[in-house]
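# Tertiary structure, described
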Amino acid sequence: MKKHLLILTILLLTGCTQLTPTENNIVNQSLSNESTTELAECGEWIDLYQKTINISQYGNGELILNFFNLFKKSPTNITSIELDNKTYTGGLIPGHQDTQIIIPITNHTSNYLKTEIRVNYTNKNNSYSSICEITINEEDYTFFKKTLILPGSNEYELSNEFTNPLNISQNNQGPNNCTSLEQCIKYCNNTKSTECKDWIHSIHLSLNTSNQANITGKHNGAWLPTIDTIRHAVKLIPSLKQDGVNTVSFGPDIVTRDQDYPITAGDNIFKFYVKVFEDSGFNVNLVPNSMHHGNNEGMIEEFNKVVLDWALIAEELDTKFYTTLNEVEGHDSNLTETSDWLKEMLPLVKEQYSGQVCVQPTARTYYTGDPDRFKLNYSGYDCITTFYSLLDYAYGEDRFYSEKELLINEINNTLSKYDSIKRVMPTDVAAFHGGNWAEDSIMCDYVNGVDLYSNESEHCALFEFFFTEVYPYVNGSFLNNYLGFTWTGTSVEEVVKEYYTNEGGVLNDTWSDELWNTTGLLELIEDVMIPEDEELMIFDVYEYTAGWAGLDYEPTTNNPGPFNCTSIKDCMEYLRQYPEEYLNQSGGCNDSET
């Protein structure tokens, strides 16, 4: 029995004012307030977030409401919730979901649903009561009827089961009776039929997370910061294993732009790729990532729900590591607030997730700058995956070697100071060798007189330095595999292979990788699993914008880069010849880049 999903975003705003439905807020809401004092407004202290209605084609289902405290330091505490003559007791731990109401829906045939909720709560030892009314109208149900749960979701129900869905043949046919993967891909690209969706969901279900290796030595890893980088790495799984890679690190994109609160985009495909790597034997570090396209806006406590939700998913997927946030101190909070947040979130995360919990700070916070500068408190955490770049060589040999010494000293300090920390693993280890039109900051560095481009011999020398000078002091590392920074397909690959295969668990290569080298298969799965509106949030590749050039962006005649350059080579040549013109086009570069 197919279920449909309607996501309701219902915010109880200050004063409980009437909200007008928008594209992102499809629910017509009529909110009223009864209170003994102005403190009882439905406002700043609680969010009734991402409600779902699951209704079958027969009109049966449920309305699920979850309450979440927006402000971790708020004294507000919900004592009970009244709905349809029933009282729900419990409370909210500040910053943590703790109250859920499920309203049964039976034989629902009308296009109208109206319900009223009374929230009883305390604030500063006083008791209050507020009433909010939720209305779902015919327009909402029209939207609801068009919305399907996508493959990869736990709620997705199969109408057609496919056994061994990746080994399509005459005796094991796929959708529309196709007898090869190529035929299935061609058919499903033309019609997103239920049969095709069932086939793709069957692929998702066939992946076994228990296949991942038990790695007791170093976690020799790859850092996969973007969805296209993850897909590219999947296609390289046989060569990654030969290079000695046994762990990968990546995570869902968090979006804050044009959102009332942070959400993640492309959830199903990120979960799918976790399963792909684990099925092939890799360990996974799951890292919610808000550092794309200016999506790091917001105070850090606003990311609580995302972090806790994905901790639960990490537990379901049995990932080896879970990292609270990528570049955790990169949000609109100071280091003291970030440190407090890490302390408060740890027990909440460990309620959801039983693996190793990591912190991923930037280099400037973990080991650089004034030694007396305030540092984050890592007490209770299991591992640190700090950023460490090889790009600093361009700023001068003295700085390069001093950065290395600072890193090693801080690793020793961390391991001696925090008994809980068992692993420190540098992340984003890379040097820029061209290939992709890079982040704006690299171009700005060039304008300011620092050329970060490494030729082949320099590229090899930098990685030899890392493996001889830093690698012996760490418990693993994650080398950046983003185009333009990656070691794969370059002369550096032999350097990586030499060190990675000599220390750390090397995975067996028995996996049937040829299935994932079938042209268009992963792209089809992404297309089916990612909702169209979310696709634009994580595939920002259609035009050059100063500050970020898109994910895997390649300038072409039809899609030129700055100065209207139509290839990577042309872009680099124009930059070198006309740096001031680039400066003007990019809106100016900050001298602090250097």
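The paragraphs below set out a description of the structure included in this document. (Residues numbered from 1 in each chain as written. Predicted model: local features only at pLDDT ≥ 70, side-chain atom pairs only at ≥ 80, totals over all residues. Heavy atoms only, no water.)

For the rest of this paragraph, the subject is unusual backbone geometry. For Asn 177, which is not glycine, the phi dihedral falls at a positive 60 degrees. Tracing the backbone shows Asn 177 in the loop between helix H1 (138–146) and helix H2 (181–190). Unlike most non-glycine residues, Asp 318 shows phi in positive territory, near 60 degrees. Within the fold, Asp 318 resides in the loop between helix H7 (304–317) and strand S15 (321–326). (Helix = DSSP H or I, 4+ residues; strand = E, 2+ residues; numbered from the N terminus.)

So, about helix H14 (residues 521–529). Most of H14 is tucked away: seven of the nine residues are buried. On its buried face, H14 is in contact with H2, helix H3 (194–206), helix H4 (227–235) and helix H6 (267–279). (Buried < 20%, exposed > 50% of the residue type's maximum accessible area, 1.4 Å probe, protein only. Contact = heavy atoms within 4.5 Å.)

What the rule picks out here adds up to ten salt bridges. Where Asp 309 meets Lys 305, a salt bridge forms, and the shortest distance between an N and an O atom there is 2.4 Å. Placement of both Asp 309 and Lys 305 in helix H7 is noted, with a separation of four residues, approximately one turn of the helix. Asp 309 sits in the partly exposed class, given a relative accessible area of 27%. One continuous salt-bridge network, built from bridges that share partners, spans Lys 404, Glu 405 and Glu 469. (Salt bridge = Lys/Arg side-chain N within 4 Å of Asp/Glu carboxyl O.)

Let us look at the environment of Asn 475. Looking at the element boundaries, Asn 475 is found in the loop between helix H12 (456–470) and strand S20 (476–480). Put simply, Asn 475 and Lys 218 are 257 residues apart on the chain and 5.1 Å apart in space, counted from C-alpha to C-alpha. Once you skip the residues sitting within four places of it in the chain, Asn 475 turns out to touch Gly 217, Lys 218, His 219, Lys 422, Arg 423, Val 424 and Met 425. Here Val 424 takes part through its backbone nitrogen, which lies 2.8 Å from a polar atom of the side chain of Asn 475. (Polar contact = N/O pair within 3.5 Å; in protein donor to acceptor, adjacent residues only side chain to side chain.)

Limitation: the analysis is restricted to geometry and does not speak to function.
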